[in-house]
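Next come the chains, spelled out residue by residue.
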Amino acid sequence: MQQELKYLMGKLLNSRTGKWRAGIGSVGLWISAVLLLAAVQLQSNFSYLLNKENVGDADTAYLVINRQLNSSNLNNTTLKEEEIEQLSKLPEVAAVGTVQPAYFKAILSINNSQFPFQTDASFETVPASFIDQLPPNWDWKEGDEIVPIILPSLYLDLYNFQFALAQQLPQLSPEIIKMLTFNIAIIGSGESIVLKGRVVGLSDRIQSLLVPASFMDWANQRYATENKRKPSRVIIKTNDASSPNLNQFLQKNQLRTNQEKTRFSQYRQVVNWVAAIAGFSGLLLLAFALLVLSLFIQLSITGRQDQIQLLLQLGSSPGQLSQFLFKKFFPLQAGMVILALLTISILQWMLQQVLVKQAIYLPAFISTYTLGTAFLLLLAIGLMNRRAIQTTIQSK
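Note that this is a predicted model, so its numbers are computed, not measured.

Each value, and the rule that gives it
- Residues numbered from 1 in each chain as written.
- Predicted model: local features only at pLDDT ≥ 70, side-chain atom pairs only at ≥ 80, totals over all residues.
- Heavy atoms only, no water.
- Helix = DSSP H or I, 4+ residues; strand = E, 2+ residues; numbered from the N terminus.
- Buried < 20%, exposed > 50% of the residue type's maximum accessible area, 1.4 Å probe, protein only.
- Contact = heavy atoms within 4.5 Å.
- Areas by Shrake-Rupley, 256 points an atom, 1.4 Å probe, with all protein chains shown as cover.
- Salt bridge = Lys/Arg side-chain N within 4 Å of Asp/Glu carboxyl O.
- Pairing = 2+ DSSP bridges.
- Patch = residues over 30% accessible without salt bridge, like charges linked within 9 Å, V, L, I, M, F, W, Y side chains within 5 Å.
- Phe/Tyr/Trp six-rings, centres within 6.5 Å; stacked < 30°, edge-to-face > 60°.
- pLDDT = per-residue confidence, 0-100.
- Core = buried A, V, L, I, M, F, W, Y, C linked by side-chain atoms within 4.5 Å.

1. Overview of the overall build of the chain
Moving on, step 1. Within the chain, the regular secondary structure consists of 12 helices and 12 strands.
Moving on, step 2. Here the chain holds 396 residues, and the buried ones make up 41% of them.
Moving on, step 3. Taking all contacts inside the chain whose residues are at least 6 apart in sequence as the whole, residues at least 24 apart take part in 77%.
Moving on, step 4. Accessible surface for the chain amounts to roughly 22,900 Å². Of this, 57% is attributable to carbon and sulfur atoms.

What follows is the structure in structure tokens.
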């Protein structure tokens, strides 16, 4: 009797009209699920691009920060300790290093008739971890014959394409300049000394003549012409140079840095507003998708009221019929959600392939939020089915 009743249930619910309604409902459910999951994934992509919590070293920026110079702070541009401490506590700042200046006079020269060269020089030093191309011989101790120097690439370009051409001097490649030995005359505190120096590397990051910290400490201690003062420049490591929070801090404290690297910050707030609007639109889309989803589930079940009533009249118990109807509808609906999740996964991969050609990097796989939403959607569909089935059976 039970088998015959199940067979009769299947025949009634699998009629041509029933199959047509099931097909329309499945397509509607798939579209609703795609809209819902797309809203979540798009917001996740926005968040990834704006926050960049998973960026690597390719997105790391190093900024040299100093006081904004104006008529009111001439000769008083040192940074306060509390400013440096507050800067180091910003979430965008990974590390802060002091740019230590020289407190002595230095003169660089080369005694060569074919390449006569002499200029005043101002040395600085920074922690080794902030140097972009740290040479292997970046160390010095008293008594060493050669003082290693890192030269800014910009300085070499200025010499080659301006000074050398104007003064009819030979141009120098990086390989040649590393072969030259300079005289370093250090003058201060009534004493002087001449050392030998050699360029051991070039830097695109820091526009200063850099020497090892050990040499700077030794020379400042022995030849300093003034008392040690507070630093006037620091260098920071950040994964988000365009952060509005970082740039607001700099403006508030009258600090400045390379404007080219922070130029995007003025657009970030606008982009954040656009993202917020997109997020609100996504919530509306989410609500709409859930509404459509609920309607399709209701229609899938209430559209079979006549068959359900007939089955009850033929002796099917409400519990048995409820269980049968749930097994009838839920697996197909769950399949539509899984298909929608697969659709979003393919679209996310295609989007990643398109944007990577524009140097915009997104994950190739969908976010955990999208996966979690799909799981919650399956639970919601199960509950909606249970409720709709029970409501329809009880109304009979």
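That shown, we press on.
2. Quick word on unusual backbone geometry
Moving on, step 1. Positive phi, normally seen in glycine, also occurs at serine 189, with a value near 55 degrees.
Moving on, step 2. In this structure, serine 189 sits in the loop between strand S8 (182-188) and strand S9 (191-203).
Moving on, step 3. The phi dihedral of glutamine 254 is positive, around 55 degrees, even though this residue is not glycine.
Moving on, step 4. As for its placement among the helices and strands, glutamine 254 is situated in the loop between helix H7 (244-252) and strand S12 (255-256).

3. Description of the pattern of salt bridges
Moving on, step 1. Scanning the model with the defined rule gives six salt bridges in all.
Moving on, step 2. A salt bridge links lysine 141 to aspartate 144, with the nearest nitrogen and oxygen atoms 3.4 Å apart.
Moving on, step 3. According to the relative accessible area criterion, aspartate 144 is partly exposed, its value standing at 25%.
Moving on, step 4. By sharing partners, the salt bridges in this structure join Glu142, Glu191 and Arg222 into a single network.

4. A few points about the sheet that holds strand S11 (residues 233-238)
Moving on, step 1. Ordered in space as S2-S11-S1-S12, the four strands form an open sheet in which the pairing is antiparallel. Among the strands making up the open sheet, the edge pair consists of strand S2 (93-98) and S12.
Moving on, step 2. Summarising the sheet, strand S1 (residues 61-67) and S12 pair through two bridges and their orientation is antiparallel. Bridge pairing in S12 places asparagine 66 opposite arginine 256.

5. Regarding H7
Since the α-helix packs 3.6 residues into each turn, any two residues three or four apart lie on the same face.
Moving on, step 1. Taken residue by residue, H7 has Pro244, Leu246, Asn247, Phe249 and Leu250 as its buried positions.
Moving on, step 2. One or two steps after H7, the chain reaches glutamine 254, where phi turns positive at roughly 55 degrees.

6. Focus: a nonpolar patch on the surface
Moving on, step 1. Taken together, Leu339, Leu342, Ile346, Leu347, Trp349 and Met350 make up a surface patch of nonpolar side chains, about 590 Å² in accessible area.
Moving on, step 2. Relative to the elements of secondary structure, leucine 342 occurs in helix H11 (residues 318-356).
Moving on, step 3. Given a relative accessible area of 48%, leucine 342 falls into the partly exposed group.

7. Looking at the environment of serine 88
Moving on, step 1. Mapped onto the fold, serine 88 is located in helix H3 (residues 81-88).
Moving on, step 2. Judged by relative accessible area, which is 36%, serine 88 ranks as partly exposed.
Moving on, step 3. Along the primary structure serine 88 and lysine 237 are separated by 149 residues, whereas in three dimensions their C-alpha atoms are 9.7 Å apart.
Moving on, step 4. If we skip the residues at most four places from it in the chain, serine 88 touches Val93 and Val96.

8. Considerations on the packing of aromatic side chains
Moving on, step 1. According to the stated counting rule, one finds six aromatic pairs in the structure shown.
Moving on, step 2. Each ring, one from tryptophan 140 and one from phenylalanine 215, has its centre 5.1 Å from the other, and the planes form 85 degrees; the classification is edge-to-face. Separated by 75 residues along the polypeptide, tryptophan 140 in the loop between strand S6 (123-125) and strand S7 (146-152) and phenylalanine 215 in helix H6 (residues 213-223) bring together distant segments of the chain. Considered together, tryptophan 140 and phenylalanine 215 belong to a single accessibility category, that of buried residues.
Moving on, step 3. Summarising the aromatic geometry, the rings of tryptophan 218 and tyrosine 223 are spaced 5.8 Å apart at their centres and angled 70 degrees between planes, so their arrangement reads as edge-to-face. For the pair formed by tryptophan 218 and tyrosine 223, the shared burial category is buried.
Moving on, step 4. Members of the aromatic cluster, each reached through a chain of ring pairs, are Trp140, Phe215, Trp218 and Tyr223.

9. Digging into the confidence of the model for the chain
Moving on, step 1. For the chain, mean pLDDT is 80; residues scoring 70 or higher make up 76% of the total.
Moving on, step 2. Within the model, pLDDT remains below 50 along residues 53-58, and this stretch shows two contacts once partners closer than five positions in the same chain are excluded.

10. Observations concerning the nonpolar core
In globular proteins that are soluble, nonpolar side chains generally tend to be buried together.
Moving on, step 1. If you look at the biggest cluster of nonpolar residues, it comprises 31 residues, and the most contacted ones within it are Phe104, Phe123 and Phe215.
Moving on, step 2. Elements that contribute at least two residues to this core include exactly strand S4 (105-110), S7, helix H4 (153-167), S8, S9 and H6.
Moving on, step 3. Here this core takes five residues from H6, the largest share from any one element.
Moving on, step 4. Not counting residues up to four positions away in its chain, the partners in contact with phenylalanine 123 are Gln100, Pro101, Ala102, Phe104, Ala106, Leu108, Ile149, Ile184, Leu209, Val211 and Met216.
Moving on, step 5. Core analysis: the next-biggest nonpolar cluster, separate from the first, contains 15 residues, Val93, Val234, Leu246 and Leu255 among them.

11. Concerning H6
Moving on, step 1. Inspection of H6 places Phe215, Met216, Trp218, Ala219, Asn220 and Tyr223 among the buried residues, and these make up the whole buried set.
Moving on, step 2. Taken together, the buried residues of H6 touch strand S3 (100-101), S6, S7, S8 and S9.

12. Some thoughts on the side chain of asparagine 183
Moving on, step 1. Structurally, asparagine 183 is set in strand S8.
Moving on, step 2. On the accessibility criterion, asparagine 183 (10% relative accessible area) is buried.

13. Re the side chain of asparagine 220
Moving on, step 1. As for its placement among the helices and strands, asparagine 220 is situated in helix H6.
Moving on, step 2. Note on asparagine 220: relative accessible area 8%, which makes it buried.
Moving on, step 3. Every residue in contact with asparagine 220, bar those within four places of it in the chain, is listed here: Gln100, Pro101, Ala102, Tyr103 and Phe104.

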